[in-house]
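An overview of the molecular structure
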Amino acid sequence: MKPVKHVIALDVGGTGMKAALVAADGTLLHEARRATGRERGAEAVVETIQDFAAELLDLGRERFATTASAAGVAVPGIVDAENGIAVYAANLGWRDVPMRELLGRRLGGIPVALGHDVRTGGLAEGRIGAGRGADRFLFVPLGTGIAGAIGIAGRIEAGAHGYAGEIGHIVVRPGGPACGCGQRGCLETLASASAVSRAWAAASGDPDADAADCAKAVESGDERALEVWLAAIGALADGLVTAITLLDPRTLIIGGGLAEAGETLFTPLRTAVEERVTFQRLPHIVPAALGDTAGCLGAGLLAWDLLATEVPA
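This part is about the overall build of the protein. Broken down by element type, the protein carries nine helices and 13 strands. Scaling as 2.2 N^0.38, a compact globule of 313 residues should have a C-alpha radius of gyration of about 20 Å, and the protein matches this with 20 Å. Counting over 313 residues, the protein shows a buried share of 50%. Looking at the protein alone, contacts between residues at least 24 apart form 61% of all its contacts between residues at least 6 apart. Summing over all exposed atoms, the protein offers an accessible surface of approximately 14400 Å²; the carbon and sulfur share of this is 52%. Charged side chains in the protein number 27 positive and 37 negative. The centres of these two groups are separated by 4 Å.

Now the structure itself:
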């Protein structure tokens, strides 16, 4: 068998992990999933990540006749990518986990790149997904919360302290709902999938109703659902216009659970953003293209980028 160069890619979420072996051209050679197991505690989660990666290392040797060249890992929370440390993740209960060191040791010393989950997903969307060819883009996934990734010339801008792109914590409704960050009226308290789910559950009287149910009700002409939906879109448009004013992106990529509503979201959102801009140039507003594989693909890209920047001994 002719050896096939590849890297290990891991996307760690609050409930599940996605993993892949990724070729140099971005091809997914193998995919796998596993429960994160956060109920077992932070140390057990780290062990699960190490075990999962080690299994992929062995599988790659067997199938592709060579050892993985590197590994890339995307994790939630606050990440010190430069030093390879997973600083904080409330949903996983960890603080200051030296992920690069621990994983590199378990994988026999191969290089390990660490990235923030949203910025890593944004890297993939920008290079090989919906933002392909755009020199400036902003990736905004609308999920449990709202974050963002700022793309510049094929790279993601992390900021001086690793916090760049946190659009979900722009205050769009001063004095509004309390946010976990300590502010009130943050964008993610009003326009995330979780926020829409809460609002629609209250408006419909069904405690089990969620954002997807709200979207379906909008499509069927329910006036209560439309009111909830448009309130969220209005808040989202306010936050996006602030981002457009600061960043002037050529393409605005919207992903996450709410984006699955398709034109039920995008048609009124494009209108709302267009109504709010004045001197700003309106970016192309498009849905994300890679779905839930973006994080894994991005982790693979991080690994290949790491190899490209390493200086030979």
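Moving on, there is more to tell.
The next thing to look at is the packing of helix H5 (residues 193–204) against helix H7 (residues 223–247). Interaxial distance between H5 and H7 falls to 10 Å at its minimum, and their mutual angle equals 155°. With respect to their mutual orientation, H5 and H7 come out roughly antiparallel. The interaxial crossing formed by H5 with H7 has right-handed handedness. The segment H5 lies against H7, with Val196, Ala199, Trp200, Ala203 and Ser204 engaging Arg224, Ala225, Val228, Trp229 and Ala232.

This part covers the nonpolar core. Within the largest apolar cluster, 43 residues are counted, with the highest numbers of intra-cluster contacts made by Val140, Trp229, Leu240, Ile254, Leu265, Leu269 and Val273. Contributing elements (two or more residues each) for this core: strand E9 (136–141), H5, helix H6 (211–219), H7, strand E12 (251–255) and helix H8 (263–276). Top element by residues in this core is H7. It accounts for twelve residues. Listed in part, the 32 residues of the second largest apolar core include Met17, Val45, Ala71 and Trp94.

When two helices pack together, their arrangement is given by the angle between their axes and by how far apart the axes lie. At a minimum axis separation of 7 Å, H5 and H6 run at an interaxial angle of 65°. The angle between H5 and H6 places the two elements in the roughly perpendicular class. H6 is crossed by H5, and the crossing has left-handed handedness. Together, Ala193, Val196, Ser197 and Trp200 of H5 and Ala211, Asp213, Cys214 and Ala217 of H6 make up the contact between the two elements.

Across the sheet, which stays open at both edges, the five strands sit in the order E11-E10-E9-E12-E13 with mixed pairing between neighbours. Every interior strand has two partners, whereas the edge strands, strand E11 (155–157) and strand E13 (284–287), have only one. Neighbouring strand axes in the sheet, compared pairwise and without regard to direction, differ in orientation by 30° on average. Taken together, the four bridges between E9 and strand E10 (residues 149–152) define a ladder with antiparallel strand orientation.

So, how was this worked out
- Residues numbered from 1 in each chain as written.
- Predicted model: local features only at pLDDT ≥ 70, side-chain atom pairs only at ≥ 80, totals over all residues.
- Heavy atoms only, no water.
- Helix = DSSP H or I, 4+ residues; strand = E, 2+ residues; numbered from the N terminus.
- Rg over C-alpha atoms; globule rule 2.2 N^0.38 Å.
- Buried < 20%, exposed > 50% of the residue type's maximum accessible area, 1.4 Å probe, protein only.
- Contact = heavy atoms within 4.5 Å.
- Areas by Shrake-Rupley, 256 points an atom, 1.4 Å probe, with all protein chains shown as cover.
- Lys, Arg positive; Asp, Glu negative; His and termini not counted.
- Charge placed at Lys NZ, Arg CZ, Asp CG, Glu CD.
- Axes fitted to C-alpha atoms, helices over the stretch in contact; angles between N-to-C directions.
- Parallel < 35°, antiparallel > 145°, perpendicular 65-115°, else oblique.
- Left-handed = near helix turned anticlockwise from the far one by under 90°.
- Core = buried A, V, L, I, M, F, W, Y, C linked by side-chain atoms within 4.5 Å.
- Pairing = 2+ DSSP bridges.

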